[in-house]
Structures are given as C-alpha cells and as structure tokens.
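Working through the structure, step by step
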Amino acid sequence: MSSPFSSSYAQARAKFLQAADAAGLRVESHLHPLRGRDGEELAMDVALDGPADASHLLILSSACHGVEGYCGSGVQVNALQDSAWRQTARAQGVAVLYIHALNPHGFSHVRRVTHENVDLNRNFQDFSQPLPVNEAYGEVEPLLLPEVWPPNAANLQATADYIAQHGMVGLQAAVSRGQHQFPQGLFFGGTVPTWSNLTLRHVLRQHGQRAKHLAWIDLHTGLGPSGVGERIFACADDDAALQRARAWWGPEVTSIYDGSSTSAFLTGLMWISAYQECPQAEYTGLAMEYGTQPMEQVMMALRADHWLHLHPEAPAELKARIKHDLMAAFYTDTDAWRSQILAQAQEAMHQAVLGLSHH
C-alpha cells in the first residue's frame with residue numbers, strides 16, 4: 001500500500017478523495033475562492049462515515065494550520081484505508097466525520113496561516129465585541145519581522161535580550177497567544193471571520209446538529225518533543241469535560257487552563273464553534289499536538305515565512321530555503337516519525353469511539 005502521506009496539497013487531496021471513494025463514502029467539497037500554489041483547485045473536503053442521524057459523532061480534522069496538514073491528512077487517509085478501524089467505529093454506533101484541509105490555502109502554499117494571513121485557531125472570536133489586546137506582542141513585533149532576513153546581529157542580540165529577561169516560554173506566550181492589532185504579523189487572529197471559519201461552521205451545522213454526543217480530534221504539529229503526540233484538552237474550562245477527556249484519553253491529557261500544556265493560554269480557539277453550532281451535544285475535544293523541532297527553530301521558521309510574505313522580491317534561493325525550513329518545522333520527513341504519528345492517532349481515535357459509545 002502506498003504511503004498515506006503526501007508531498008504536496010494536490011497529492012494529499014487526491015489521496016483523500018481516492019480513499020473516501022474506495023471506502024464507498026460521498027465527499028462534499030467546499031471550494032476555496034483562490035487557487036493553490038500550483039494552480040490547483042483548493043477545497044475543504046468532508047466525508048461522513050456512518051448514518052447522518054447518528055447520535056454519537058467523532059470529528060477528525062486536519063490542516064487548521066495549513067502546513068500542519070501534511071501530518072493530519074496522512075492520519076485521515078490511513079484511517080479511511082483501515083477497514084478494521086472503520087468496522088470498530090460502526091460496531092460501536094459512532095459515525096466519523098473527516099474534515100480534510102480546514103485551511104487548504106495554507107496547506108498548498110506551505111504556510112501556517114490562511115489566505116487572509118490569519119491564524120485560524122485564533123479567529124473564533126465574537127467580532128461584535130472589543131477584541132483582546134495582546135500588549136506583549138506589541139513589544140516584540142519589531143523584533144519578529146526585521147527589514148532583512150536572516151536577522152542581523154543587532155536583531156539577534158535584541159531577541160536574545162528579550163529571552164534572557166522573559167524566558168523562551170515568555171516569548172512563546174507573547175507571540176503565540178494571538179493578536180488582532182498587526183494584520184501582517186504572526187498569529188494574527190483577524191478582525192472578521194475567515195473563509196475557513198465560516199465554512200467550518202456550515203459543516204458543523206450540517207453534520208453535527210443531530211448528535212447527542214460529539215467528540216473532536218484536531219491534528220496539529222510543531223510543539224513539544226519530536227514524534228510525541230501531546231493530548232491537549234480542547235474544550236471550555238469545564239471540570240466535567242476535563243474529567244471525561246482524561247477518562248477517555250488518559251490522565252496525561254494536558255490543559256491550557258492549568259498551565260500543564262506546551263501551548264500558551266489562547267483565545268479565539270476553533271473548537272468554540274462546536275458549542276455554538278451544535279449546542280444540543282455534549283462535547284469532548286482533543287488537540288493532538290505532535291512535536292517536530294525545538295521551539296527556537298520552529299519560531300525562526302515562522303518568522304522567516306512571514307518575512308517572506310512581506311518580501312516577495314526575495315531571491316529564489318532564499319525563498320526555497322525559507323519554505324524548506326517551514327516544512328521541516330511542521331513535518332518530519334522520516335518513516336520513524338510518520339509511524340509514531342499514525343500509532344498515536346489510531347490509539348486516540350479508538351479511545352474516542354470507546355468513550356462515546358459508553359454514553
């Protein structure tokens with residue numbers, strides 16, 4: 001069997017559509033308004049495995065952060081090709097909703113953000129209210145995107161000074177928490193809902209409003225030790241939901257609320273849409289966060305990619321290196337890493353089905 005993983009968005013989409021077709025599933029394609037890096041069609045593709053009126057529904061989603069879809073898509077294709085997994089879910093009365101490429105533009109162009117330069121997982125705010133202000137980001141913004149790349153000695157020294165004062169964790173929190181003041185900056189949460197936000201909400205309304213019990217595993221990369229899938233609680237700050245998540249997925253489930261996760265405390269998170277669009281369902285969610293490289297390298301790769309977005313005139317060799325480094329920051333191209341990813345994802349999926357079926 002060929003690898004479920006891909007080296008381009010177009011290839012990943014073709015594999016997903018082929019696997020869904022081979023499984024006898026109908027795919028709904030929500031077409032993106034723009035074309036991909038190679039001129040290809042972009043879409044958020046959705047396949048439901050199970051009855052439309054199932055009371056127990058598991059969502060498995062990829063590419064919330066574009067480039068992270070190279071990992072997540074492989075997990076989804078592998079699941080669709082796994083007849084034993086599909087039979088287990090059916091036997092337990094759980095329907096599985098595969099949402100392939102939440103952010104197809106970032107996936108195709110090897111960027112973390114959407115075509116609006118928005119971090120989709122910071123974009124689920126109430127835009128009728130004043131948006132949160134991240135003052136710490138304002139302090140570091142001039143350091144993050146210098147005039148020249150690679151950064152010169154003065155920039156490296158200023159960045160090192162900030163880290164010496166606030167720690168790497170302090171820099172990570174300042175940058176990754178999300179911000180709504182700098183549209184060209186990193187982790188920009190947007191000032192309106194993105195295409196991906198609106199399209200996902202439509203999918204949730206269509207497929208999630210009849211479920212009584214809803215679980216969601218959203219696949220991410222770029223934080224933590226290489227190949228380790230951290231299980232991050234992806235619900236509102238609710239003790240009952242946290243107990244449920246730890247009963248299903250193990251006591252090692254971490255949380256942004258108590259500081260146990262490698263992720264900083266965030267707002268505007270995507271899973272809030274599950275509560276809003278499927279209010280009738282008891283919701284239990286997990287972000288699977290697979291490690292790749294040390295945080296310093298990942299942060300540098302992200303800064304470089306945003307710099308490149310602002311400097312399209314950059315020489316071809318520098319462009320190629322920046323794109324190569326960004327891909328490496330979110331996808332480790334080794335069989336060992338990929339096999340770790342699949343094994344941990346399969347375990348979490350089976351645990352979710354077992355947890356749902358006991359409700």
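Description of the structure in this document.

Let's shift gears to the pattern of salt bridges. Per the counting criterion, the structure on display carries 17 salt bridges. In this structure, the salt-bridge partner of Arg-13 is Asp-45, at a minimum N-O distance of 2.7 Å. Highlighted residues: Arg-13 in helix α1 (residues 9-22) and Asp-45 in strand β2 (residues 41-49), separated in sequence by 32 residues. The two residues Arg-13 and Asp-45 agree in class, both being buried. Three or more residues are tied together by salt bridges with common partners; here these are Glu-68, Arg-112, Asp-119 and Arg-122.

If you trace the seven strands from one edge of the open sheet to the other, you get β1-β2-β4-β3-β5-β7-β6, paired in mixed fashion. Of all strands in the sheet, those bounded by a partner on one side alone are β1 (27-35) and β6 (229-233). Taken over all neighbouring pairs, the strand axes of this sheet differ in orientation by 20 degrees on average, direction set aside. By the bridge criterion, six bridges tie strand β3 (residues 56-61) to strand β5 (residues 213-226) in an arrangement that is parallel. Looking at β5, one finds that His-56 is bridged to His-213.

By convention here, two paired aromatic rings are described through the distance between centres and the angle between planes. Across all of its chains, the model carries eleven aromatic pairs by this definition. Centroid distance Tyr-70 to Tyr-331: 6.3 Å. Interplanar angle 50 degrees. Geometry classified as tilted. You can see Tyr-70 sitting in helix α2 (residues 69-80) and its partner Tyr-331 sitting in the loop between α11 (316-330) and α12 (335-357), a full 261 residues away along the chain. Each member of the pair Tyr-70 and Tyr-331 is classed as buried. In textbook terms, an aromatic cluster arises when at least three aromatic residues are bridged by ring pairs, as seen for Phe-5, Tyr-9, Tyr-70, Phe-107, Tyr-331 and Trp-337.

Thresholds applied
Residues numbered from 1 in each chain as written. Predicted model: local features only at pLDDT ≥ 70, side-chain atom pairs only at ≥ 80, totals over all residues. Heavy atoms only, no water. Salt bridge = Lys/Arg side-chain N within 4 Å of Asp/Glu carboxyl O. Helix = DSSP H or I, 4+ residues; strand = E, 2+ residues; numbered from the N terminus. Buried < 20%, exposed > 50% of the residue type's maximum accessible area, 1.4 Å probe, protein only. Pairing = 2+ DSSP bridges. Axes fitted to C-alpha atoms, helices over the stretch in contact; angles between N-to-C directions. Phe/Tyr/Trp six-rings, centres within 6.5 Å; stacked < 30°, edge-to-face > 60°.

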